[in-house]
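Fold and geometry: a report
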Amino acid sequence: MICSLSLLHVSPLHHRPSPTPNPSTHLLHNFTSPFELKQVHAHLLKTNSPLSSLPLSRVASVCAFNSSFSYAKLIFELVDASEVTHWNTCLRSFAEGDSPADAISLFYRLREFDICPDNYTCSFVLKACSRLLDIRNGKIVHGYVEKLGLQSNMFLQNMIVHLYASCGEIGVARKVFDKMPQRDVITSWTSMIGGYAQCGKSKEAIDLFLEMEDAGLLPNEVTVVAVLVACADMGNLVLGRRIHDFSNRSGYEKNIRVCNTLIDMYVKCGCLEDACRIFDNMEERTIVSWSAMIAGLAAHGQAGDALALFNKMINTGVKPNAVTFIGILHACSHMGMVEKGRKYFASMTRDYGIVPRIEHYGCMVDLFSRAGLLQEAHEFIMNMPIAPNGVVWGALLGGCKVHKNIKLAEEATRHLSKLDPLNDGYYVVLSNIYAEAGRWEDVARVRKLMRDRGVKKTPGWSSIMVEGVVHNFVAGDDTHPQTEEISQTWEKLLQRMKLKGYVPNTSVVLLDMEEDQKEKFLYQHSEKLAVVFGLIKTTPGTVIRIMKNLRVCEDCHAALKIISVVSTREIVVRDRNRFHCFKNGYCSCGDYW
Ligand code: ZN
Ligand code: ZN
């Protein structure tokens, strides 16, 4: 500070320009604090230089906070500047830079000093609110927009829709959107569709997209990405393929973001080959492309290919990130590759400086638990540097069921009942573990506990899309209009399945009931109903694609393998965690799931 002060005095502004940059000129434009600004100000007064030579936006940014605000205001008055313009420049840099929260505070300061905001002011603060997902302040700014009579400003309205949509207030977003006098293709629609897709309302996103199509509007790149995200979530392959065609026709073939989203969409719709084709044809790939493909191969049980792709990526010189490692660890856990998993987990921090997140710990516990290393899984949890969450304990509990360890299952459930008290899944697993061990009193105790706590059992459902219509099936469902036909087809199919060696595995029905009743119960599992419906409704040879909200049970898994033989069909099931691709009597998971 002393240094700049003395420099200021040695070379006054009116001196002949020297060939080397004048240090005082430097300070005149680059002051970084109100204190330095005051020095420059004093200097200008002393040398009779005009105050207007000050960079006024810098004055604003340096004085935005604390008591210097009024000092800046005074300077603006003296130079007769259009004050709000300079504050806007400052707001903008806050809103778009690292400190969006400062933009909001500055906005309130402007109001406090009666400086009237204009449409730019509002747009920058709205942007800051969107970035911070700060709906409380966003609503206040929205109020100002109305008060200032700026409702007809299309740009602001779009930002408001975007704000509500990204904060999950879809209802309000929709209201603002519907009230807009003219609809701008580029931003309105996209904001709404993106907002829906982001907060998991995929069906609404798709419906709105279809509405947009009906209105004769063409989606842009951002809309394409948003709709593909929704298709991936819903497993809507038909629409996903249509969007893919459209994006090729619109010249987005080489668009990296579109390609990355297409990979994810095809993976989640169970079309691994299509995903690979997109990936292979990409001229340029980002870490997102590699990670999406690695995760896709892992989810489809192609662990070897996932790891090979990872090595290829490293050899190409691309640095993996935290998401890449989630895919890699999934690949290892799905295939029981314990040693490889350990190796990659260690390498993550050692070689790439990535601090493991809760998801990575979850993968490791899953890896150990599936492989039956339950004690090691438990110790691993105990030594975690961050608090284990429900997923981590849930992974241990899952392993306890497969490897029949009641003691650790009880411990895992103890933690789970605290972390996630209303999730029925854990209680069901525990009661099933007791039932398998014939401990019926404990089964009754868990069921009572669930009743007392008001925990409701999530019904299992499966869905299949036929000719663009989604058909949902719930276990034991006899409300479907074709229920009679489904049950007749199942009976015939069952005879052929039994000839191929299918024996119903009633041990998965853990209710205290007679054996023949158990079988009946088993035959009405939702994925069986959906597959039979698919056999009836689709042409021979077509792949049957099912989505299921829970894990596939052992009996359905065995049944689907045999159905793939007797019907010569490929059946792809996306369950809660992964894909099963049944073909010629085998499943891509290698029965390790
Ligand atoms: Zn089942
Ligand atoms: Zn499987």
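Up top you'll find the structure we're talking about.
Residues numbered from 1 in each chain as written. Chains lettered and ligands numbered in written order. Predicted model: local features only at pLDDT ≥ 70, side-chain atom pairs only at ≥ 80, totals over all residues. Heavy atoms only, no water.

With that out of the way, let us pick up the pattern of salt bridges. Across all of its chains, the model carries 28 salt bridges by this definition. As a salt-bridge pair, R342 and E376 come within 2.3 Å of each other at their nearest N and O atoms. Taken as a pair, R342 in helix α21 (residues 338-352) and E376 in helix α23 (residues 374-382) lie far apart in primary sequence, 34 residues in all. The shortest N-O distance in the salt bridge between E570 and K583 comes to 4.0 Å. Of this pair, E570 sits in the loop between α31 (554-566) and β4 (571-574) while K583 sits in strand β5 (residues 579-583); the two residues are 13 residues apart in sequence, bridging distant segments of the chain. Here K583 falls in the partly exposed class, since its relative accessible area comes to 44%. Residues participating in the shared-partner salt-bridge network are E410, R439, D442 and R445. (Salt bridge = Lys/Arg side-chain N within 4 Å of Asp/Glu carboxyl O. Helix = DSSP H or I, 4+ residues; strand = E, 2+ residues; numbered from the N terminus. Buried < 20%, exposed > 50% of the residue type's maximum accessible area, 1.4 Å probe, protein only.)

Tracing the chain through its elements places E77 in helix α5 (residues 68-79). The sequence separation of E77 and L374 amounts to 297 residues, and the corresponding C-alpha distance is 73 Å.

The subject of this paragraph is the packing of aromatic side chains. Inspection of the entire model under this criterion finds 15 aromatic pairs. Between the aromatic rings of F107 and Y144, the centroid separation amounts to 5.4 Å while the plane-to-plane angle is 80 degrees, which identifies the pairing as edge-to-face. Here F107 is found in helix α7 (residues 100-112), whereas its partner Y144 is found in helix α9 (residues 135-147), with 37 residues between them in sequence. With a centroid separation of 5.8 Å and 50 degrees between ring planes, the pair formed by Y361 and F380 is classed as tilted. Of this pair, Y361 sits in helix α22 (residues 358-370) while F380 is found in helix α23, placing the two residues 19 residues apart along the sequence. Note on Y361: relative accessible area 8%, which makes it buried. The exposure class assigned to F380 is buried, which follows from its relative accessible area of 18%. Put simply, the rings of F69, F76, W87 and F113 touch in pairs and so form one group of aromatic residues. One residue, K38, lies across the ring of Y71, its end atom 5.0 Å from the ring centre. (Phe/Tyr/Trp six-rings, centres within 6.5 Å; stacked < 30°, edge-to-face > 60°. Lys NZ or Arg CZ within 6 Å of the ring centre and 35° of its normal.)

To continue, consider the sheet that holds strand β6 (residues 586-587). The mixed open sheet is built from six strands, whose spatial order is β2-β1-β3-β4-β5-β6. Pairing within the sheet leaves two strands with one partner each, and these edge strands are β2 (469-474) and β6. Direction of pairing for strand β3 (residues 544-548) relative to β4: parallel, over a ladder of four bridges. By the bridge assignment, R545 is partnered in β4 with V572. (Pairing = 2+ DSSP bridges.)

Quick look at the coordination of the zinc ion (ligand 1) now. When a metal holds four donors in a tetrahedron, each ideal angle between them is 109.5 degrees; when it holds six in an octahedron, the ideal angles are 90 or 180 degrees. Ligation of the zinc ion (ligand 1) by protein atoms is provided by H525 (ND1), C553 (SG) and C556 (SG), these donors lying 2.0 to 2.3 Å from the ion. Written as a sequence motif, the donor arrangement for the zinc ion (ligand 1) is H-x27-C-x2-C. As far as the burial class goes, C553 and C556 line up, both buried. (Donors = N, O, S within 2.8 Å, 3.2 Å for Na, K, Ca; no water.)

Relative orientation of the contacting elements helix α10 (residues 154-166) and helix α11 (residues 170-179) amounts to 165 degrees, with a least axis distance of 7 Å. As far as their axial angle goes, α11 and α10 are roughly antiparallel. Helix-helix and strand crossings are classified by hand; for α10 and α11 the assignment is left-handed. On α11, the residues touching Q157, I160, V161, Y164 and A165 of α10 are I170, V172, A173, V176 and F177. Class assignment of the residues belonging to the contact of α10 with α11 gives a composition of nine nonpolar, one polar and no charged. (Axes fitted to C-alpha atoms, helices over the stretch in contact; angles between N-to-C directions. Parallel < 35°, antiparallel > 145°, perpendicular 65-115°, else oblique. Left-handed = near helix turned anticlockwise from the far one by under 90°. Contact = heavy atoms within 4.5 Å. Nonpolar A, V, L, I, M, F, W, Y, C, P; charged D, E, K, R; others polar.)

Successive residues of a regular strand alternate their side chains across the two faces of the sheet. Here six bridges tie strand β1 (residues 461-466) to β2, and the two strands are oriented antiparallel to one another. Each residue of the ladder has a partner; that of V466, found in β2, is V469. The antiparallel pairing of β1 with β2 creates a hairpin that spans two residues between the two strands, and E467 there sits at a positive phi of about 50 degrees.

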